[in-house]
Every structure is written in structure tokens, then in C-alpha cells.
Amino acid sequence: MSGNTGMEQLIPIVNKLQDAFTQLGVHMQLDLPQIAVVGGQSAGKSSVLENFVGRDFLPRGSGIVTRRPLILQLINSSTEHAEFLHCKGKKFVDFDEVRREIEAETDRVTGSNKGISNIPINLRVYSPNVLNLTLIDLPGLTKVPIGDQPVDIEAQIKGMIFQFIKRDNCLILAVTPANTDLANSDALKLAKEVDPQGVRTIGVITKLDLMDEGTDARDILENKLLPLRRGYIGVVNRSQKDIEGRKDIKNALAAERKFFLSHPSYRHLADRLGTPYLQRVLNQQLTNHIRDTLPALRDRLQKQLLTLEKDVDQYKHFRPDDPAIKTKAMLQMIQQLQSDFERTIEGSGSAQINTNELSGGAKINRIFHERFPFEIVKMEFDEKELRREIAFAIRNIHGIRVGLFTPDMAFEAIVKKQINRLKEPSLKCVDLVVQELSNVVRICTDRMARYPRLREETERIITTHVRQREQLCKDQLILLVDCELAYMNTNHEDFIGFANAQQSSENSVKAGRHTLGNQVIRKGYMCIHNLGIMKGGSRDYWFVLTSESISWFKDEEEREKKYMLPLDGLKLRDLEQSFMSRRHLFALFNPEGRNVYKDYKQLELSCETQDDVDSWKASFLRAGVYPERATEQANGEGEGGTENQSSMDPQLERQVETIRNLVDSYMKIVTKTTRDLVPKAIMMLIINNAKDFINGELLAHLYASGDQSSMMEESPEEAQKREEMLRMYHACKEALRIIGDVSMATVSTPVPPPVKSDWLASGENPRLSPPSPGGPRRGVAQSMVPPASSRAPPPVPAGGRPAPAIPNRPGPGAPPPVRATPGLPPPLIPSRGGGLQQRVGQAATQAAANAAMNEMMDAFRIKRPVPNIPPRIPDRPYSGRLN
């Protein structure tokens, strides 16, 4: 495939850009414009497209030949062949076979009786001599259906054409034969609808060699008659006889060149006519598009280069085998680890602050002050079970005897059992803290990912030390609980004593609730899930939890209260996570089965994270709302029997209440001590010790663990990453250099100034015949008349009647005047060419015509005055006759 020299010159430029971006791993989408040909039947659209490509492969003939859109994708490749989308896997190397396949595929869908279809034929042509372009060959415009064509064929074809030419990146070649009236060109009207500014439209005049003898299209090609913003380009295609005679494109281009050089009306425009000039114009549009794309590509590359420079600085002078560099890197990474660990735990600020969730010291703080108290409260307050145990303890101590006094041993037995249960939440707190410390160490060693063996060894040493300290801390916490079990200090200043406990039991209510007063415990947003769809469905509300009730409002301003729910008798229950939601659910319910909220047995609430749920549960526990237990039902049945027996023995009931008050008072002292000492013990024995170990002993352990040279070996992934980053850095610089070279090697042409194209806006244009070389050209006068607003009225003679307007007559051999566009410089009129004999003949013909016109006008003025001649209508040219 050859014949388009300009495209072949563009290919190396585009290939350079593509190669540079391929090295960067960046997808460069130049998105070159599509080129679509629009025109009537047999206007020469397919021939124009073939000449641009430089290969003969489209069906030709008379009438409607192109009956389906042909989307031709040109793809730059090392080999030359064609492929059809409907023939996947089959390669065509003979372009005559490509033409036959197009004809066969057209007949397969549309039939052989001139039918049409909007289903496109997709053809890909691979060649080393093309750019990645899309060319579109469209059916010709027709008005009268023939054969199997539908009645609305004109509307169908127009819709088919609009589908392609309305895209902003589509160049429109409006093809019009020279032997038809240009003012009624449907191709130009369609192009005007989608491109009113004329930026994408290029007029192509075909069949200049078939015009009637004595006529030419000179004024059209000079863009004087019916002007377009980008003007017109004349071409001469091969005739049907030439095609049947197998005349190739190269000989056809030579014949076209000879025609324009030898024709007297076109020889002065020969350099701006013909298929090669059309190719240059279109290739210049491709160049302009590439140059318009380069600034955005340059900005993109410069941003990427700035991003890479920070990372590349440490690699520019890197030598993997230098032991000094390895030792320096190891020391720097250990120092960085020490700093990051300190900042993460102490919260003094870090460059990598986690904005998605709590971590490090903040997570440990939540474990100390929310999760650990929650576990203790959940363990401590199980009222029914505790009273049942006290009752059994008192009765077992009395044995067969009837007890007159409340036994001290029952208090001691119950308290020891409650204190012993503190071991579980204390050890669980240690586990949670150690788990979070392991996460902190893993995060802080991310900077060592470049040296995987160093990172692995560092994590192993720190984790081993933390595990050792973990066991020591657990032993100390168990010892702390054992110390509490060893001696019951009933002389503690906060202990109420037996007398106060007995008095409190007489005045207390057996509800088991110890109110805190109606104080606010917590505020925040939660979502209510089990509201009906008709009532708004699931939505967020602002909740206010007090020690007696929970209320929810529309928002945090707390102006519009939705409901207030008392907490008496309520408990908490965990719910399974919904399949369609990632929120964490829990519910408030009444163990006795009563409705909690309106007609609902439970109030389903949710939070976005499990941490929020745990925090709300701890707040509910402070308000006396306890979680549901699996053994609650069995305990309830046993308690029922105890209550029945207690109701028959008021003395036992008073003793249970007294012991309950004593246990409650003493456990508050022990719990308070435990909640204070456990975080302190963990902080001293694990966290602070881990910081001291990392700051003082980690480096010595690393040196003692093995060969530092092997430990500081780069991972293959890191070495590849370093090489890739350096390669991308240099490729980025090379791409910027290539873009600069392309900008210097190519020239961009500005968009032509707009022209007055009102002749395309209305369908009532006068029919203009092709002009003839001699005599006045019809239709030129109208296009040359200046706007009415810019013309002065003709002078009024003495008689008071306006004189008729007389058109200006050009002198012999003078070019016709051209209407100037306001605000723009007058267009340049090329000098008229032609031989001496032709110029003499034209001058004589023009002189004779001028003399005849003068005689007629003189006779009209002197011998036959006509009264009341109306002023000349501005929009109609003077025809030389009176009505």
C-alpha cells in the first residue's frame, strides 16, 4: 500500500512517540481523527477514499454501489494484509479479493436488488505505510427509491450519515460533482448541520473533466462562489473505463496532474488541486491533531518525572555490592524503625498517619479503657446467678442447723469466686495488646521491604522478645489476682461493713439495679434497622443514652425527639451481620417477651465498625443493660425455685441481700484496683520494655544473628523495582525529548478565518448554474453584494426620484470582486493565468458585452423615462431588465 507520501512521513513521528510511551508502560492514545466521505450517488466518494489510502480495493460502478457503511481501520504493521470482522482469522493479501468480499457481504445483508442497510462492514488493513486511522465510506444520498429500497430511503441514509459525522473527531469530506449545482449540495448541507463553524468540513469537487464545454469551476475552487471556511479541493478520479481497463492509481495521479496543468482555468491553481494536495491537507490535519495532543502528554510526563525523581535519588548512585552502603542502610533502617515505633505508640505524630481506623497507641488506649472494662462488667454483674450462689452458700454453711446470724464464710466464698473470675479478662487484655503490638511492628518494618531477610529477622527478634514479656506479664497479673485472694481486707476505707450492708438491705429494692441518677452516659449516631419500609426503613438517628433511658433524635441538634425508651428490664443481644449490609448489628430486647418499641419485640441497632459496637455495649453496661447469656434460661428456672423457697424464709432472704451488698462493695474495690493495675502492668512489662529493647538491644541481636552481608541482600522484586524505576525515569526523559523534537520537526497550521456561509443555512437558495469562462457568471453578483446594513442608498436625482441601481461592471480581464468578511482582511485573489490568445479572446468578448450594455442603458435613461421606480430590493441582484 503506497501513494500517500505525507502519511508515510508522519509514521516515523508517531512510531517514536509510541515507542517512548511503550517503554514507560503508559498507554498513549493519540485518537487520530476519523475521515468520512459524504455526497450523492456516483459523486466519487469511494474513489476519493481510495486515492487517500493509495490502494484500489473498493467496489465501483454506476448507481448506488456503496449500500452499507464501510468502516476502514488502517493499522500500522510490519506486514500488509486485510481482515474482515465477519471473517475472523482469515487474512486477505489480494485486494481484488477484498473488493469481491465487500460486494458479497453487502449482497448477503441487503440483497442484490439495490437494498441498503445501516449495519457496517468492518475492514482492517494492516500495512507498514499507513497510520492508525479510521476511514468511513458512506452510501450516497438519494431521494427516489429503486429496487428493494425503502420508501424513506433519504431519511435512512441521512440518519446513517449523521451517526458518523456528528462526532467531534470526524473530518468531513463533502464530495460534490462539478457537473451539478453546488448550491443544492446535500453533502454541504449535512456538514453544515453538524459543523456550523466549518472547522471540520473540506469541500471536494470531483468530475472536473466531465463539465460541459465552455464551463469551469474556477470561482468555486478559488472559494469565491459559495465559500467554505476550509475551501474546496478539486480532484479528477478514474473513469469507469479506466477502472475496467485496470488503470492503476499511479498513472491516474499523473493524468490528473496533466489535466490541471493543461487546463487554462486551473493551471494557476494546479498546486492547490488534485489528490496529492488533498492528501497533504488531510495529513496536515493529522499533524495538527498530534501537535494539539502533545501539550497534555508533556504535562502528564512532567508530573510523572517529578514523582519519579524523589524515588530515583536514592538509586542514582546505588551500588548493590558496596558493604559500606549496606551497613549505612541497615543503621538507617533500624533508626527509622525506632522512631516509627515510638511515634506509633506515643502518638507524637508520624508522616504515615492511619486515617481509616484506630491503630497503635490509640488502639491500645481503647483496649485499656473500653474493651477491658467491658469484659469486667460483663463478667461481674449477673444478678440472678450471683443471688442464687449466695443463697446456696448460706444454706450449705448452715447445714442441717437453722442459722440465726449471717455467716462470714459465705461472703468470703462468694468474693473469692468473683475475684478469681477477674483472671480471664485480665489475660485477654494482654492478648489484645500483644496482638496490636505485633501489627505495629509489622507496619513499622514496611520500610525494610527492600531487604526481606533483614525485615524477617527484625520481626522475628522483636516478636520473640514480646512473647517472652507477654508470659512474664501474665504471670504477674495472675500473681496480682492471687494476692487479692490471699487476704480479704474488710477494713478498707471504701468497704461498707456489716452494719451498713444490713441497713442498706432493709431499704433497698430487690430490682437488682443500682441507678446512677439520670446522667448522660453517651451520645452518637446509630442506625435503626427494623422499622418498616413505609415508615422510612433503616436510617441513622442521633442517640442519647442516660442511666435510665435511651432517646433518639433526628440529628445532633436534639430538637426533634423521635422516641424515648426506658431501660428497665432490657438486655443486649448480638445479631448476625446482614447479607446486604456490612454494618455490625445488636439489639435491645425484654427477656420476658414484652414489646420493646411499639409493636416490635426488639430494637435492632447497628454501627459501622465493631469498635463502635463494643463502645456502645460498654456504655449500655454502665447504664445497667447487660448482655444475654446462653445459660440465662436455666438460671432463671433455678432462681425461680430459690425465690419460692426464699419467700417462705424471710430470714434467708435478708441474709442473701446483706451478703449481696457486702460482695458488691468489696468487688467494687477489687475491680477498681484491677482496672487500674492491669494497664500499668502491661505498660511496664511489655510496651515500655519493647521500646527499650528496640532502642538498645535490637541492633546487637541483628549482628549476632548471622552474616550481615546476606541479610542485606536485595529481594529480586526490589532489584527489579529499582531497575524498572530507573528505566522509567530515563524513558520519561527520552519521551519528553522526543516530544520536543516532534514539536520542532512539525508545523501546525492555524484554522482558517470564518467565512459568510449563509447560503447553506436556508433551502431557498437560487439555483446556480456552473459559470462559463466568457461573459458574466450567473450567481456571482449575489454572492458579491455587500450586506444591506453596510451599503449606502443610491443618490437621489434632481427630480426627486431614486435612480435605478446599476451593477458595477469589471473592466476587461479584471477578476470579479469578492465580498469581504467584516473584521477580516480581504482575501487574496490569485492572478489569472492562461495563454495570450485566450486572454485576447476574453478581453474582446468582455468589451463587446460592455458596449452592448452601455447602449441599452443610455437608451433607457434618455428616450424612455419611467416614473415612480421603486428602490432596488437589496437581496435581489439587478438583472438588467425592468418588470
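Along each chain, residue indices are assigned from 1 in the same order as the chain's sequence is written. For a predicted model such as this one, the threshold for reporting local features is a pLDDT of at least 70, and the threshold for listing and counting side-chain atom pairs is 80 or more; totals across whole chains, interfaces and linings nevertheless cover every residue. Only hydrogens and water are set aside; all other atoms, that is, all heavy atoms of the structure, feed into the side-chain values.

Visitor: Which residues make up the overall build of the protein, and what values go with them?
Guide: The helix and strand tally for the protein stands at 24 helices and 16 strands. For the protein, buried positions account for 43% of its 883 residues. By sequence separation, contacts in the protein at least 24 residues apart represent 75% of the contacts at least 6 residues apart. Accessible area of the protein: about 47,300 Å², with a carbon and sulfur share of 52%. Starting at the N terminus, helices and strands are each numbered in turn, a helix being any DSSP run of H or I of at least four residues and a strand any DSSP run of E of at least two. Burial classes follow relative accessibility: with a 1.4 Å probe on protein chains only, a residue under 20% of its type's maximum area counts as buried, one over 50% as exposed, and anything between as partly exposed. Note on contacts: a residue pair is in contact if any heavy atoms of the two residues lie within 4.5 Å. Using a 1.4 Å probe, accessible areas were evaluated by the Shrake-Rupley method; residue-level cover was limited to the displayed protein chains.

Visitor: Before we move on, could you go through the nonpolar core and cite the residues and values that matter?
Guide: Formed by 65 residues in total, the largest nonpolar core has its most connected members in Phe341, Ile419, Leu454 and Ile682. When residues of this core are traced back to their parent elements, those giving at least two are α10 (323-346), α11 (361-380), α12 (383-398), α13 (408-420), α14 (423-444), α15 (452-486), α19 (650-696) and α20 (698-705). Top element by residues in this core is α19. It accounts for 17 residues. Once you skip the residues sitting within four places of it in the chain, Leu454 turns out to touch Met330, Met333, Met448, Leu702, Met711 and Met712. Listed in part, the 39 residues of the second largest apolar core include Ala36, Ile71, Ala183 and Leu228. In these notes, a set of buried Ala, Val, Leu, Ile, Met, Phe, Trp, Tyr and Cys residues joined through side-chain atoms within 4.5 Å is what counts as a nonpolar core.

Visitor: Which residues make up the confidence of the model for the protein, and what are the values?
Guide: By definition, pLDDT measures how confident the predictor is in each residue, and it falls between 0 and 100. Across the protein, the average pLDDT comes to 75, with 72% of residues at or above 70. Confidence, read as mean pLDDT per element, is least for helix α23 (residues 780-784) in the protein (40) and greatest for α15 (92). For residues 509-516, every residue scores under 50 in pLDDT, and the model assigns this stretch 12 contacts once sequence neighbours within four places are set aside. Scored below 50 in pLDDT, residues 860-883 shows 26 contacts in the model against residues more than four places distant or in partner chains.

Visitor: Go over the packing of aromatic side chains, please, and point to the residues and values.
Guide: Think of it this way: a Phe, Tyr or Trp ring, Trp meaning its six-membered ring, pairs with another when their centres are within 6.5 Å, and the plane angle makes it stacked under 30 degrees, edge-to-face over 60, tilted otherwise. For the structure shown, the criterion picks out 15 aromatic pairs. A ring pair is formed by Trp552 and Tyr597, whose centres lie 5.3 Å apart and whose planes are at 70°; its orientation type is edge-to-face. Of the two residues, Trp552 is situated in strand β11 (residues 549-553) and Tyr597 in the loop between β14 (584-589) and β15 (602-607); the sequence distance between them amounts to 45 residues. Comparing Trp552 with Tyr597, the two get one shared label, buried. An angle of 80° between the planes, with centres 4.7 Å apart, marks the rings of Tyr563 and Tyr597 as edge-to-face. Placement of the pair is Tyr563 in strand β12 (residues 561-566) and Tyr597 in the loop between β14 and β15, with a sequence separation of 34 residues. Looking at Tyr563, the relative accessible area reads 27%, which means it is partly exposed. These aromatic residues form a ring-pair network of at least three members: Phe543, Trp552, Tyr563, Tyr597 and Tyr600. Just above the ring of Trp616 sits the side chain of Arg522; from NZ or CZ to the centre is 4.7 Å. Any Lys NZ or Arg CZ that is within 6 Å of a ring centre and within 35 degrees of that ring's normal is treated as a charge sitting over the ring. Over the ring of Phe589 we find Arg573; its NZ or CZ atom is 3.8 Å from the centre of that ring.

Visitor: Just give me the short version of the pairing of strand β9 (residues 520-528), but keep the residues and values in it.
Guide: Strand residues, when the strand is regular, have side chains that alternate between the two faces of the sheet. One ladder, built from 8 bridges, connects β9 with strand β10 (residues 539-546); its direction is antiparallel. Counted as the bridge partner of Cys527 is Asp540 from β10. Alignment of β9 against β15, held across 2 bridges, turns out to be antiparallel. Residue Ile528 lies in a different strand from β15, and its bridge partner there is Leu605. Any two strands with at least two DSSP bridges between them are considered paired.

Visitor: Outline the side chain of Ser426, listing residues and values.
Guide: Summarising the element assignment, Ser426 is placed in helix α14. Look at Ser426 and you get buried, because its relative accessible area is 1%. Apart from residues no more than four positions distant in its own chain, Ser426 is found in contact with Phe372, Leu477, Thr674 and Val678.

Visitor: Help me get a handle on the side chain of Thr445, residues and values and all.
Guide: You can see Thr445 is positioned in the loop between α14 and α15. A polar contact of 2.7 Å, which involves the side chain of Thr445, links it to the side chain of Glu459. Sequence-distant contacts of Thr445, defined by excluding residues within four places in its chain, comprise Leu337, Arg455, Thr458 and Glu459. Here a polar contact is recorded for every N or O atom pair within 3.5 Å, except that within protein the pair must consist of a potential hydrogen donor and a potential acceptor, and residues adjacent in sequence are included only if both atoms are side-chain atoms.

Visitor: Give me helix α5 (residues 186-194): which residues, what numbers.
Guide: The set of residues buried in α5 consists of Ala187, Leu188, Leu190, Ala191 and Lys192. Where α5 is buried, its residues contact β1 (34-39), α4 (153-165), β6 (170-177), β7 (201-206) and β8 (232-234).

Visitor: Any chance you could break down the sheet that holds β7 for me, citing the residues and the numbers?
Guide: One key point about sheets: their strands pair by backbone hydrogen bonds, in either a parallel or an antiparallel sense. Spatially, β3-β4-β2-β5-β1-β6-β7-β8 is the arrangement adopted by the 8 strands of the open sheet, whose pairing is mixed. Across the chains shown, the open sheet's two edge strands, defined by having one partner strand only, are β3 (81-84) and β8. Taken over all neighbouring pairs, the strand axes of this sheet differ in orientation by 25° on average, direction set aside. For strand β2 (residues 70-76) and strand β4 (residues 121-127), the ladder comprises 7 bridges, and the chain directions are parallel. Each bridged residue has a counterpart across the sheet, and for Gln73 the counterpart in β4 is Arg124. Between the N-to-C directions of two axes lies an angle of 0 to 180 degrees, each axis being a line fitted to C-alpha atoms and, for a helix, fitted only over the stretch in contact. Here α5 sits on the sheet and contacts β1, β6, β7 and β8; the angle it forms with β6, its principal contact strand, is near 155°.

Visitor: Kindly report on the pairing of β10, identifying the contributing residues and their values.
Guide: In terms of residue burial, β10 counts as a mostly covered element, since 6 of its 8 residues are buried. Taken together, the 4 bridges between β10 and β11 define a ladder with antiparallel strand orientation. Residue pairing for β11: Phe543 is matched across the bridge by Trp552. What sits between β10 and β11 in their antiparallel hairpin is a turn of 2 residues.

Visitor: Account for empty space enclosed by the protein, with residues named and values stated.
Guide: Every definition here rests on a 1 Å grid over the protein atoms only: cavities are sets of points where a 1.4 Å probe fits but cannot get out, pockets are open sets enclosed by protein on both sides within 12 Å along at least five of seven lines, and lining residues have some atom within 4 Å of a point. Grid points are joined across faces, edges and corners, and a volume is the space filled by probe spheres set on the points. In this structure the tally under the stated criterion is 7 cavities of 30 Å³ or more. Space inside the second largest cavity adds up to approximately 70 Å³. Lining the second largest cavity, in full, are Ser47, Glu50, Asn51, Arg60, Val236, Asn237, Arg238, Ala252, Leu253, Glu256 and Thr275. Of all the secondary-structure elements, those providing two or more residues to the lining of the second largest cavity are α2 (45-53) and α8 (249-262).

Visitor: Account for the packing of α4 against α5, with residues named and values stated.
Guide: Interhelical geometry of α4 versus α5 gives an angle of 45° and a closest axis separation of 11 Å. As far as their axial angle goes, α5 and α4 are oblique. The chirality of how α4 crosses α5 is right-handed. Judged by residue contacts, Lys158, Ile161, Phe162 and Ile165 of α4 engage Leu190, Glu193 and Val194 from α5. Should an angle fall under 35 degrees it is called roughly parallel, over 145 degrees roughly antiparallel, and 65 to 115 degrees roughly perpendicular, with every other angle called oblique. Each helix crossing is assigned a hand: it is left-handed if the near helix lies turned anticlockwise from the far helix by less than a right angle, otherwise right-handed if that turn is clockwise.

Visitor: For the sheet that holds strand β16 (residues 626-627), give the residues involved together with the corresponding values.
Guide: A sheet is described by the order of its strands in space; here 8 strands give the open sequence β12-β11-β10-β9-β15-β14-β13-β16, paired in mixed fashion. Bordering the open sheet on either side are β12 and β16, each of which pairs with just one other strand. The sheet contact formed by β11 and β12 spans 5 bridges and is antiparallel. Note on β12: the bridge partner recorded for Trp552 is Tyr563. Sheet contacts for helix α17 (residues 610-622): β9, β10, β11, β13 (571-574), β14, β15 and β16; angle to β9, the most-contacted strand, approximately 135°.

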